[in-house]
Each structure stands twice: as C-alpha cells, then as structure tokens.
Amino acid sequence: MTHPTSSSQHGDTTTGARLAVIIVAYDSNAVILPCLDSISRHNPMGTALEVVVVDNKPDTGLEAAMAEMHYTFCPRYVANARNNGFGGGNNVGVAHTDAPQILFLNPDTIVTEDVFSTTVRMLEDDDRLVLGYSLTDPEGRRNDTYSYFPEYVYIFPLLHLLERISFLGSVNRLRPVNRIAWPWGAAFALSRRRFEAAGGFDENIFLCNEEPDLMRRLPERRLHILPLRIIHLEGHGRQVPASRYLAFLQSTDYYLRKHRIASRGLYWRWVGMKLRLKKCLRRPIDPTYEEAFSRFRREVLNHKPTTPQA
C-alpha cells in the first residue's frame, strides 16, 4: 500500500510510528527525492515507519514534488520557518513526530537494504544504544562512518591504526575506543527518550560537530556501528568551500570551550603542527582549508570570540 505526502507546520504529530527518519533539506531536491525512494523500496515496516522532511529552504518546490510521489512509509513535510542549520532542523523534525525511536539521515544518502527493522529491534531492546551505519560512496568504498572526540586528537594515529586492523571491531568491541567515538551525522539512530533527555541538538552549532556535542551529553550511551550499508554521496571528492571549513573550525572551538576541554590549546597546536609537517613533507594540502585555518588561527590567537556561524 502506498501513501501520499502530508504537509505539516504545527499539525497533529500522532501517527503510531515505531521509528521516525528525520531528514533536513536545504535546496536538496536533486538528492532527497532519490533518498526517499530508496527508503520506500527498502521499508518492510509500512506506516510503522514515518519519514519527516524538514525543509530549511521551503521555496524550491520540494513539497509539491513529494506530493506527487507515493511511499510505503508515512511521509510528513515540514516547512521550517527559518534556516537554523542541521541541529536546529533536526530538533524541529523530532518535535513533529511521536515515534519512540529516531533515525537522523542526510538527504544525500541512498539506503541499500532494510536498515529499519534492525534499528527498531535493537533500540527497543536497549535504549542506551546509539546506532551508526556503514557509510560508503556509490562504488562501495568506505566513507566516514564514525570519528572521535576532538580532545583525543593526540591519539588519532593509534585509533586509525586500530581501524585498519578491524574497522567495526575496534569501535564496537573495545570499550575504551567506544567511549570516545561518535557516529557520523549522515546516518545514526537513538531513542527519542535519550535524545530529549540530553536536550536535543545544540542550536548554537549551525554546522559540524553537532554529533560529538550530543554524544557527550549521553553519558550512558553505547555506540554500535551496524554492517548495514548506506551510500553517502558527499564523499571526499567534492570541493569543500571555505565557509564549510570555517564552520568546522569554529564549531570545534565552540565544542572545546563549551565542554571546558583543558587540552583546547594543545588541540590547536596539534592541528597547526600537522599542517606544517605536511608542508615539510610536501604532502598535498587543500589551499582553501589552509586559508580558512590561517584566518581562524589569527582570531583564536587574538582571543576573539569564535562562535559557529551560519
């Protein structure tokens, strides 16, 4: 059975769904429609699966495009009143569903198999779990799937070595590694109760580092990366604009300040040292990143406030 799209701003959120997928869109029509189609094709749960699309730029015709489609899940379109970024948009999405389990998904993803049944079963069995997925590019090459809290940057080489030995085993089975890891924001799931108890996403962060900030506010969490594959189209081949690099640097510093990380200064010295080392070894450096970091470093050294920017 297929279901037409519903449109909602402040309407009834009661659907009886067991799992809600939250997708934040911003001028994302080219990628989000194939994403929704992939969810529909790999959904064995029927309307027990709800998909809430929060449109941070609701003037692109996405609502009309969704209304023309028929899905196996229960769809909901939300025109966001303002573009409040990844975290803010996801908070809006959670507010528009009553599902007890939440899966945050990027619009530039393609679901390749049923990830939903396992997600619901595991979260219903243990709501301390935070679930990630095996993210790849379209050719099946591994994409960023999880990472580590920034304050542990000085042991990143060791952590990356463990990944090479066992990519999923190191994070799933080694408790010291699991405690400092967080899932990539392109696709992860957790219980609604835990998410709301932690206060949701920090809306002072517009872009980047929303995930580690949230994970630090879930002290009893246990991360588990599932071997279920989701294609993340962003990958590493696309040119990253300076604004995104700057947003990453600013949100990292905001995170370090917010959580009173004593090694904040060490972190930035480490990042600067890695750049200098790459230059000495004549390794390739993205000049856009180098320029963004130089600008950011001047602001940090001058003790100017570094809050995330839109």
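Please refer to the structure higher up on the page.
For every chain, the first residue of the written sequence is number 1, and numbering continues from 1 along that sequence. For this predicted model, a pLDDT threshold of at least 70 governs which residues receive local features, and a threshold of 80 or more governs which side-chain atom pairs are given and counted, while totals over whole chains, interfaces and linings are taken from all residues. Excluded from the side-chain calculations are hydrogens and water; all other atoms, namely the structure's heavy atoms, are used.

Only DSSP runs of H or I with at least four residues qualify as helices, and only runs of E with at least two residues qualify as strands; both kinds are numbered from the N terminus onward. An expected span of 1.5 Å times one less than the residue number is assigned to each helix. Between its first and last C-alpha atoms helix α1 (residues 29-41) spans 18 Å; for 13 residues at 1.5 Å apiece the expected length is 18 Å, and the two agree. Remark: exposure states derive from per-residue accessible area (1.4 Å probe, protein chains only) relative to the maximum for the residue type, with buried under 20%, exposed over 50%, and partly exposed in between. Along α1, the residues classified as buried are N29, I32, C35, L36, S38, I39 and S40.

The subject of this paragraph is the environment of G132. Residue placement: G132 occurs in strand β7 (residues 129-136). For G132, a relative accessible area of 0% gives the class buried. Each C-alpha atom, one on G132 and one on I180, is 14 Å from the other, the two residues being 48 residues apart in sequence.

Moving on, we get to the pattern of salt bridges. For this analysis, a salt bridge means a side-chain nitrogen from Lys or Arg found within 4 Å of a carboxyl oxygen belonging to Asp or Glu. Under the criterion given, the structure shown has 19 salt bridges. Taking the shortest distance from any N to any O, the salt bridge between R216 and E151 comes out at 2.7 Å. Of this pair, R216 sits in helix α9 (residues 210-216) while E151 sits in the loop between β8 (146-148) and α5 (156-165); the two residues are 65 residues apart in sequence, bridging distant segments of the chain. The class for R216 is partly exposed, based on a relative accessible area of 33%. For the salt bridge of R194 with E220, the shortest nitrogen-to-oxygen distance reads 3.4 Å. With R194 in helix α8 (residues 192-197) and E220 in the loop between α9 and β11 (222-232), this pair connects stretches of sequence that are 26 residues apart. In the salt-bridge network here, residues are joined through shared partners; they are D127, R193, R194 and E220.

What follows deals with the nonpolar core. Membership of the largest hydrophobic core comes to 50 residues, with the highest contact counts inside it found for F104, Y148, F188, L214, M215 and W268. The greatest single-element share of this core, amounting to five residues, is contributed by helix α10 (residues 242-258). The contact definition used throughout considers only heavy atoms, calling two residues in contact when any of these lie within 4.5 Å. Leave out the neighbours within four places in its chain, and L214 touches F188, F195, A198, G200 and F201. Remark: nonpolar core denotes a set of buried residues (Ala, Val, Leu, Ile, Met, Phe, Trp, Tyr, Cys) joined through side-chain atoms within 4.5 Å.

A relative accessible area of 8% places E151 in the buried class. Within the structure, the side chain of E151 is placed 2.7 Å from the side chain of R216, a separation counted as a polar contact. Setting aside residues no more than four positions away along its own chain, E151 makes contact with R216, Y255, I261 and S263. For this analysis, a polar contact is any N or O atom pair within 3.5 Å, provided that within protein one partner can donate a hydrogen and the other can accept it, and provided that sequence-adjacent residues contribute only side-chain to side-chain pairs.

Nothing here speaks to function; it is all geometry.
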